[in-house]
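Each chain, written out:
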Amino acid sequence: MKSPVIDAGRLTLLLTELRLPATKAMWPQIAEQADKEGWPAARFLAALTEHELAERDRRRIERHLAEARLLPGKTLETFEFEALPMISKAQVMAVTAGDGWLDQGANLLMFGPPGGGKSHLASAIGLALIENGWRVLFTRTTDLVQKLQVARRELGLEAAINRLDRYHLLILDDLAYVAKDQAETSVLFELIGARYERRSMLITANQPFGEWGKIFPDPAMTLAAVDRLVHHATIFELNVESYRRRAAVEQKRKRGRPASYATPVNTAAADAPRQSN
Ligand code: ADP
Ligand code: MG
């Protein structure tokens, strides 16, 4: 270099060209500190590089959060594990690391009656996985099945299923509410077959597998799909009374209403048809 004078304008242009936004934003401040404190050149470069990388990670996670369509506000912090005596927080935290199951295409299956916390826990696990660097898509099973059926009509089912490969985890919420006709279930079973041992799924359902024969029309296909799903799977049974119902009862009790009001009968309407216990 001919002159020690730095052309800041040109440097800004170069950093834009190289797509280094954090470096572009931070170099004047860090350079000033480096000059003042007499940093070696390598330390200055390392500091900028660290900032650029951290910023890149942050933006990537932001993008992954936006694409995941998680349920707003459902986090592990707001999930009461005490309400689920059969599932430990430690077990769930191990799942959120992702290693050892997402890289092998293993599955997570959650069964339990309505209101037991399946959707909340599934979405919260999705959020934690994204924060740990994985890509996730949360979808109601019916919505995804509709989309895949449209894709098939347009002869693009395989491509649509392949596009879902970019998600390490596909969360299918409420499998049981998929309608029962053959066309709908066959796209679902194709998806399950395509992801088998490659890409993971987290499926929530009100009915355990034993009931699936009644949900789906083709017993042989159902058996094959169930077989693939459980082959490498962790199963969480959320057999608890509806959290909504318990919360409502608890609130009434706190407000000091007469005991007769604080029976589940008054709040049961908020929940879906099945009663637990
Ligand atoms: P499901 O999907 O099993 O029907 P949800 O996850 O929709 O149940 O839970 C119903 C409501 O109760 C949601 O608002 C959810 O956030 C809340 N909820 C359920 N279980 C818990 C829990 N253990 N801790 C905190 N909130 C819970
Ligand atoms: Mg649900």
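In case you missed it, the structure is sitting above this.
Residues numbered from 1 in each chain as written. Chains lettered and ligands numbered in written order. Predicted model: local features only at pLDDT ≥ 70, side-chain atom pairs only at ≥ 80, totals over all residues. Heavy atoms only, no water.

(A) Representation of the packing of helix 2 (residues 21–37) against helix 3 (residues 41–68) within the structure. In contact at an axis separation of 9 Å, helix 2 and helix 3 are set at 150° when each is read in the N-to-C sense. In this view, helix 2 runs roughly antiparallel relative to helix 3, as classed from their interaxial angle. Crossing handedness for the pair helix 2 and helix 3: right-handed. Contacts between helix 2 and helix 3 involve Pro21, Ala22, Thr23, Met26, Trp27, Ile30, Ala31 and Ala34 from the former and Phe44, Ala47, Leu48, His51, Glu52, Glu55 and Arg59 from the latter. Along the lines of polarity and charge, the residues of the contact of helix 2 with helix 3 split into ten nonpolar, two polar and three charged. (Axes fitted to C-alpha atoms, helices over the stretch in contact; angles between N-to-C directions. Helix = DSSP H or I, 4+ residues; strand = E, 2+ residues; numbered from the N terminus. Parallel < 35°, antiparallel > 145°, perpendicular 65-115°, else oblique. Left-handed = near helix turned anticlockwise from the far one by under 90°. Contact = heavy atoms within 4.5 Å. Nonpolar A, V, L, I, M, F, W, Y, C, P; charged D, E, K, R; others polar.)

(B) Here's a closer look at the site of ligand 1. Residues in close proximity to ligand 1 total 15 residues, the closest being Glu80, Gly115, Lys118, Ser119 and His120. The separation between an oxygen atom of ligand 1 and a polar side-chain atom of Ser119 is 2.8 Å. The biggest single contributor to the shell around ligand 1 is helix 5 (residues 118–131), with three residues. (Near = heavy atom within 4 Å. Polar contact = N/O pair within 3.5 Å; in protein donor to acceptor, adjacent residues only side chain to side chain.)

(C) Region of interest: the sheet that holds strand 4 (residues 200–205). With parallel pairing, the five strands of this open sheet are ordered in space as 2-3-4-1-5. Since the sheet does not close on itself, it has two edges, and those belong to strand 2 (136–140) and strand 5 (233–237), each with one partner. Neighbouring strand axes in the sheet, compared pairwise and without regard to direction, differ in orientation by 15° on average. Both strand 1 (residues 107–111) and strand 4 contribute to a ladder of four bridges, which runs parallel. Note on strand 4: the bridge partner recorded for Leu108 is Leu202. Each of strand 2 and strand 3 (169–173) is contacted by helix 6 (residues 141–153), which is oriented at about 95° to strand 2, the strand it contacts most. (Pairing = 2+ DSSP bridges.)

(D) Quick look at the pattern of salt bridges. Within this structure, the stated rule accounts for nine salt bridges. Salt-bridge contacts for Asp143 lead to Arg140; the nearest nitrogen and oxygen are separated by 3.6 Å. Owing to a relative accessible area of 48%, Arg140 belongs among the partly exposed residues under this scheme. Look at the salt bridges and you will find they share partners, linking Glu55, Arg58, Arg59 and Glu62 into a network. (Salt bridge = Lys/Arg side-chain N within 4 Å of Asp/Glu carboxyl O. Buried < 20%, exposed > 50% of the residue type's maximum accessible area, 1.4 Å probe, protein only.)

(E) The arrangement of the environment of Ile161 in detail. Among the structural elements, Ile161 can be located in helix 7 (residues 157–163). Classification of Ile161 as buried rests on a relative accessible area of 5%. Residues Ile161 and Leu191, 30 residues apart in the sequence, show an inter-C-alpha distance of 6.3 Å. The residues touching Ile161, leaving out its near neighbours within four places in the chain, are Leu148, Glu190, Leu191 and Ala194.

(F) Focus on the packing of helix 1 (residues 8–17) against helix 2. Contact pair helix 1 / helix 2: the axes reach a minimum separation of 8 Å and the direction vectors enclose 155°. By the angle between their directions, the pair helix 1 and helix 2 is classed as roughly antiparallel. Regarding helix 1 and helix 2, the two cross each other, and that crossing is right-handed. Residue-level contacts link Ala8, Leu11, Thr12, Leu15 and Thr16 of helix 1 to Thr23, Lys24 and Trp27 of helix 2. Broken down by class, the residue content of the contact of helix 1 with helix 2 amounts to four nonpolar, three polar and one charged.

(G) The arrangement of unusual backbone geometry in detail. Phi angles above zero are rare outside glycine, and Arg69 is one such case at about 55°. Within the secondary structure layout, Arg69 lies in the loop between helix 3 and helix 4 (89–97). The phi dihedral of Leu155 is positive, around 60°, even though this residue is not glycine. With respect to the helices, strands and loops of the structure, Leu155 is situated in the loop between helix 6 and helix 7. You can call Leu155 exposed: its relative accessible area is 80%.

(H) Expanded view of the side chain of Asn206. Following the sequence through the fold, Asn206 ends up in the loop between strand 4 and helix 9 (212–215). Among the residues examined, Asn206 registers a relative accessible area of 7% and is labelled buried.

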